[in-house]
Amino acid sequence: MNTLVEKCGRQPSIRTVPMPSDLNANGHIFGGWILSQMDLAAGGEAISYCNGPVATVAITCMQFHQPVLPGDLLSVYTDVVKVGTTSITIHIEVMVLRRGNDKEIKVTEGDFVFVSLDEAHRPKKIDKEA
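Residues numbered from 1 in each chain as written. Predicted model: local features only at pLDDT ≥ 70, side-chain atom pairs only at ≥ 80, totals over all residues. Heavy atoms only, no water.

J.: Explanation requested: helix α2 (residues 31–50) in the structure shown.
T.: For an α-helix, the turn length of 3.6 residues means that residues three or four places apart are oriented alike. Here α2 is 20 residues long and its end C-alpha atoms lie 28 Å apart, about the 28 Å a rise of 1.5 Å per residue gives. Taken together, the buried positions of α2 are Trp33, Ile34, Gln37, Met38, Ala41, Ala42, Gly43, Ala46 and Cys50. Packing partners of the buried residues in α2 comprise β1 (14–16), β2 (54–64), β3 (73–83), β4 (87–97) and β5 (105–116). Just past α2, the residue asparagine 51 takes up positive phi, approximately 55°. (Helix = DSSP H or I, 4+ residues; strand = E, 2+ residues; numbered from the N terminus. Expected span 1.5 Å × (residues − 1). Buried < 20%, exposed > 50% of the residue type's maximum accessible area, 1.4 Å probe, protein only. Contact = heavy atoms within 4.5 Å.)

Here it is in structure tokens:
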């Protein structure tokens, strides 16, 4: 396997490497940093789907399965799972590729809800044909 897509099997919304400044007191990557990466990735997916600005309104589910370690290659995958009148729910999986491993490990997952916004920052109907 030569490329990360070949190794991981799908294309992430975000791929990054956490830095030492992202560590918590236990030597793992701080959960808030992971949460922000998830919000960025899912927000980008929601903006693309809604063809415009969105706001995060809820995190309906969140699970940390395993710690993220320094040097892990972190990939955030997003999938639209529900579209309402003005809201969109995105399921997010955070996977890491650890040094020396050929298979990703799921470390975190969650469901984030966004609302589509108009120019006045009020909820806007989502055009499902978009």
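J.: Help me understand the sheet that holds β1, please; the structure alone is not making it clear to me.
T.: Picture the strands of a sheet paired through backbone hydrogen bonds; they go either parallel or antiparallel. Judged by pairing direction, the sheet is antiparallel, and its 5 strands sit side by side in the order β1-β3-β4-β5-β2 without closing on themselves. Pairing within the sheet leaves two strands with one partner each, and these edge strands are β1 and β2. Going from strand to strand, the sheet's axes swing by 20° on average, the running direction of each strand aside. By the bridge criterion, 10 bridges tie β4 to β5 in an arrangement that is antiparallel. When the sheet's bridge partners are listed, valine 94 is paired in β5 with threonine 108. (Pairing = 2+ DSSP bridges. Axes fitted to C-alpha atoms, helices over the stretch in contact; angles between N-to-C directions.)

J.: I'm lost on the environment of glutamate 119 in this one. Help?
T.: With respect to the helices and strands, glutamate 119 occurs in the segment after β5. Given the relative accessible area of 78%, glutamate 119 is considered exposed. Spatially, the C-alpha atoms of glutamate 119 and arginine 98 are 43 Å apart, while their sequence positions differ by 21 residues.

J.: How should the pattern of salt bridges be read in this particular structure?
T.: Opposite charge on two side chains lets them pair, provided their charged atoms get close. A full pass over the atoms with the stated rule returns 4 salt bridges. In this structure, glutamate 93 and arginine 10 form a salt bridge, with 2.8 Å as the shortest nitrogen-oxygen distance. One end of the pair, glutamate 93, is in strand β4; the other, arginine 10, is in the loop between α1 (4–8) and β1, and 83 residues separate them in sequence. Given a relative accessible area of 15%, glutamate 93 falls into the buried group. (Salt bridge = Lys/Arg side-chain N within 4 Å of Asp/Glu carboxyl O.)

The values are spatial; any link to function lies outside them.
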